[in-house]
Amino acid sequence: MSGFDTIFALASGAGRAAVSLLRLSGPQSGAILARLAGGLPRPRMASLRRLRHPLEGEVLDEALVLWFPAPRSYTGEDAAELHLHGGRAVLDGVTEALLACGARPAEPGEFTRRAFLNGRMDLTAAEGIADLIEAETAVQRRQALRQAGGALADLYGGWAERLTRLLAHQEAAIEFAEDGIPTTLEDEVREAALALAAGIEAHLADGGRGERLREGLWVAIVGAPNAGKSSLLNALVGREAAIVSARAGTTRDVVEVRLDLAGVPVWLADTAGLRDTPDEIEAEGVRRARRRAEEADLVMAVFAADRAADPATLALVTPETLVVASKSDLAPPSVQEAALAVSARTGDGMKALRQRLEDLAADRAGLTAEASLTRPRHRAALMEAASWLREAQAAPLPELSAESLRAALRALGRLTGHVGVEDVLDVVFGDFCIGK
Ligand SMILES: Nc1nc2c(ncn2[C@@H]2O[C@H](COP(=O)(O)OP(=O)(O)OP(=O)(O)O)[C@@H](O)[C@H]2O)c(=O)[nH]1
Ligand SMILES: [K+]
Ligand SMILES: [Mg+2]
């Protein structure tokens, strides 16, 4: 795409390294590379070149350079890569040389933004690349790769195509009606709109698994004071993350610890023991504990085996709750036999508890055969599209139905970035790092 200036950025991590990767993209990339490296290497072939400052002629580094003429580059524009020695002074020198040549430092996400604007990928694929850079577990990586590879783009693009066809048919039906030609087209469109709405709704009804995998599954550990919640947290994460003591009311603030459970990122939140207390700090802790239990994807209710089950914790137990009988070394469990008996002291039952958590995490946030939506942005646009499709089906007049189909198409277009996208671009590319 013309009209863009030439940008550069460090694509590898900041700080001293064996090799640093500087990327360059834009119409002047070839000219700048030729000035620094004394000529253009063959496209897409790594060549070892001496890089010189364009004005002073000083040798700045001996580097591997690559030249990617448009459109076969990440951005779709002329682009280049400099694989420099990773020292501060080398980087400073080459940066100065690039500035002297008229290139400017890239904004966060600007390379991928250009790739999108040049039609190299849709918005969901661009988000997949951002997620891939952020991915911390193997399952997150798989989900991000799938999305970057166009799994959501294909799905949503396919829906947009179907919708475009429906709209064309509806408009034809309106014209036929004006010309007095009998047709069943309108009924067919209404039926197809309903089927498409149902398809989108089925995709939406995934329990938020893709979003959870991307952001982490929240597990709140709740129970009476001294039930052994903090001890369980520590045993699960393998370090003394929370303070444990024999005094009831030890934990006040919520203690959050991240855990990788079979590739699903999980946030364990240890909370204050539930009880009425005159201590205002502890009471605030109890309020926070209850709020965490409400907001969590999964509640782990802990009952000490040597105590009667307390009503405050029992009140939070639903069929979805993971019930744990702690301190199993002290007594047989006093709560439901469904409870998982564990002892943080002896380690008894801890493996089973971990396995149960892994299973629940995989069940609620693992990958399925179908690609899942991964962001609230996707959910909002799809809900809007489905609701317009239902309106299209129910509209009293074909003209109104066509209007609703158009609105549904716009919602899908915002999702993939194919229509009316200006306002969403900043949201999507704003959370990229510089150099991508
Ligand atoms: N015998 C035995 N004692 C345990 C076990 N787990 C914890 N305890 C003891 O129970 C007491 C309370 O443990 P904590 O982990 O602090 O309990 P908590 O539920 O976090 O307590 P609060 O933060 O005060 O609500 C401590 O003295 C622990 O050593 C266990 O599996 N067996
Ligand atoms: K305690
Ligand atoms: Mg505690």
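Note that this is a predicted model, so its numbers are computed, not measured.

Thresholds applied
- Along each chain, residues carry numbers from 1 onward, in the same order as the chain's sequence is written.
- The naming scheme follows written order: chains are lettered A onward, ligands numbered 1 onward.
- In keeping with the predicted nature of the model, local features appear solely for residues at pLDDT of at least 70, side-chain atom pairs appear and are counted solely at 80 or more, and the whole-chain, interface and lining totals rest on all residues.
- For side-chain calculations, the full set of non-hydrogen atoms in the structure is used, while hydrogens and water are omitted.
- Here, a strand pair is defined by DSSP locating no fewer than two bridges between the strands.
- Numbering of helices and strands runs from the N terminus, with a helix taken as a DSSP run of H or I at least four residues long and a strand as a DSSP run of E at least two residues long.
- By definition, residues are in contact when any of their heavy atoms lie within 4.5 Å.
- Axis definition: a line fitted to C-alpha atoms, over the contacting stretch in the case of helices. Angles run 0 to 180 degrees between N-to-C directions.
- The rule for a residue being near a molecule or strand is that one of its heavy atoms must lie within 4 Å of it.
- Distance and chemistry together define a polar contact, namely a pair of N or O atoms within 3.5 Å, with one atom able to donate a hydrogen and the other to accept it when in protein, and with adjacent residues in sequence counting only for side-chain atoms on both sides.
- Under the convention adopted here, Pro, Cys and the residues Ala, Val, Leu, Ile, Met, Phe, Trp and Tyr are nonpolar, Asp, Glu, Lys and Arg are charged, and Gly plus all remaining residues are polar.
- Only protein chains enter the area calculation, which uses a 1.4 Å probe; residues under 20% of their type maximum are buried, those over 50% are exposed, and those in between are partly exposed.
- For Na, K and Ca the donor cut-off is 3.2 Å, while for other metals it is 2.8 Å, and in both cases only N, O and S atoms qualify; water is not among them, so sites may look incomplete.

Here we take up the sheet that holds strand β4 (residues 59-68). Ordered in space as β3-β4-β5-β2-β1-β6, the six strands form an open sheet in which the pairing is mixed. A single partner strand is all that each edge strand has here, and the edge strands are β3 (47-52) and β6 (104-105). In terms of strand pairing, β4 meets strand β5 (residues 79-86) through five bridges, oriented antiparallel. Paired with Val65 across the two strands is Leu82, which belongs to β5. Most of the contacts of helix α2 (residues 88-100) go to β5, to which it runs at about 150°, and overall it touches β1 (7-10), β2 (17-25), β3, β4, β5 and β6. Most of the contacts of helix α3 (residues 110-117) go to β1, to which it runs at about 135°, and overall it touches β1, β2 and β6.

Within the structure, ligand 1 sits among 23 residues, and Lys229, Ser231, Gly249, Thr250 and Asp329 are positioned closest to it. Separating an oxygen atom of ligand 1 from a side-chain N or O atom of Thr251 is a distance of 2.9 Å. At a separation of 3.0 Å, an oxygen atom of ligand 1 approaches a polar side-chain atom of Lys327. Partitioned by chemical class, the residues of the shell around ligand 1 number eight nonpolar, ten polar and five charged.

Right, let's get into the pairing of strand β11 (residues 322-326). Most of β11 is tucked away, with five of its five residues classed as buried. Residues Leu322, Val324 and Ser326 line one face of β11 and the alternating positions Val323 and Ala325 line the opposite face, and both faces are buried. Here strand β10 (residues 298-304) runs beside β11; their pairing, made up of five bridges, is parallel. Bridge pairing in β11 links Val302 to Val324. Strand direction decides the pairing type here: β11 and strand β12 (residues 340-341), joined by two bridges, are parallel. Bridge assignment links Ala325 to a residue of β12, and that residue is Ala341.

The next thing to look at is the coordination of the magnesium ion (ligand 3). Coordination of the magnesium ion (ligand 3) by the protein is provided by Ser230 (OG) and Thr251 (OG1), with metal-donor distances spanning 2.0 Å. The distance between the magnesium ion (ligand 3) and the potassium ion (ligand 2) comes to 4.9 Å. Of the two residues, Ser230 is situated in helix α9 (residues 229-237) and Thr251 in the loop between α9 and β8 (255-261); the sequence distance between them amounts to 21 residues. Classification of Ser230 as buried rests on a relative accessible area of 8%. When its relative accessible area of 11% is taken as the criterion, Thr251 is described as buried.

Of all seven residues in strand β7 (residues 217-223), six are buried, a share of seventy percent or more. Across five bridges, the pairing between β7 and strand β9 (residues 264-270) is parallel. Directly across from Leu217, in β9, lies its bridge partner Val266. The pairing of β7 with β10 spans five bridges and is classified as parallel. The residue of β10 that forms the bridge with Gly223 is Val302.

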